[in-house]
Amino acid sequence: QVQLVESGGGLVQAGGSLRLSCAASGRTFSSYAMGWFRQAPGKEREFVAAIARSGGSTYYADSVKGRFTISRDNAKNTVYLQMNSLKPEDTAAYSCAATTRYISSRSYEYDYWGQGTQVTVSS
């Protein structure tokens, strides 16, 4: 079993930056590829970014390419999402997830989920 806890969300003005963290406990963190997803009220959950077990491969949704960066520190059992040039449309609850499979944009391929951290971007 692995437990995931997100932190770092908050209120920021458009154009600003936030860094989200996801701390993992349980089985060896490096055994999992990791992903970030987000969900706004009334909308379906959508993929944001993913990173391979070693951190050697990354994958981003088109909507965040060039603005967001996913990274991981396996020694700290933590994955990060650096968010720059934030837009009001980025407002959502952000969750991290873990999978023993390849990095993926599909939520059903992830095995474990955190409870989310709220990001609100004002105009």
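Above this text sits the structure in question.
Only a predicted model underlies this, so the values are computations on that prediction, with no experimental measurement involved.

## Remarks on the side chain of R72
Reasoning step 1: In this structure, R72 sits in strand β7 (residues 68–73).
Reasoning step 2: Although R72 is buried, it forms no salt bridge, and the closest oppositely charged side chain is D73 at an N-O distance of 8.3 Å.
Reasoning step 3: Polar side-chain contacts of R72 include one of 3.4 Å to the backbone oxygen of R53.
Reasoning step 4: Residues contacting R72, with those up to four places away along its chain left out, are F29, S30, Y32, A33, M34, I51, A52, R53, S54, G55, T78 and V79.

## Notes on the nonpolar core
Reasoning step 1: By size, the foremost hydrophobic cluster in this structure holds 36 residues, and its most contacted members are L4, M34, W36, L81, M83 and Y94.
Reasoning step 2: Secondary-structure elements contributing two or more residues to this core are β1 (2–7), β3 (18–26), β4 (33–39), β5 (46–51), β7, β8 (78–83), β9 (92–99) and β11 (117–122).
Reasoning step 3: Those residues in contact with L4 that sit more than four places away from it in its chain are C22, A23, A24, M34, C96, A97, A98, Y112, W113, G114 and Q115.

## What to know about the state of the cysteines
Reasoning step 1: Enumeration over the complete set of coordinates arrives at one disulfide.
Reasoning step 2: The disulfide bridge from C22 ends at C96, spanning 1.9 Å between sulfur atoms. Judged by the sign of its S-S torsion, about 55°, the bond between C22 and C96 is right-handed. Placement of the pair is C22 in strand β3 and C96 in strand β9, with a sequence separation of 74 residues.
Reasoning step 3: In this structure C22 comes out as buried when scored by relative accessible area, which is 0%.

Reading guide: rules and limits
Residues numbered from 1 in each chain as written. Predicted model: local features only at pLDDT ≥ 70, side-chain atom pairs only at ≥ 80, totals over all residues. Heavy atoms only, no water. Helix = DSSP H or I, 4+ residues; strand = E, 2+ residues; numbered from the N terminus. Buried < 20%, exposed > 50% of the residue type's maximum accessible area, 1.4 Å probe, protein only. Lys, Arg positive; Asp, Glu negative; His and termini not counted. Salt bridge = Lys/Arg side-chain N within 4 Å of Asp/Glu carboxyl O. Polar contact = N/O pair within 3.5 Å; in protein donor to acceptor, adjacent residues only side chain to side chain. Contact = heavy atoms within 4.5 Å. Core = buried A, V, L, I, M, F, W, Y, C linked by side-chain atoms within 4.5 Å. Disulfide = S-S within 2.5 Å.

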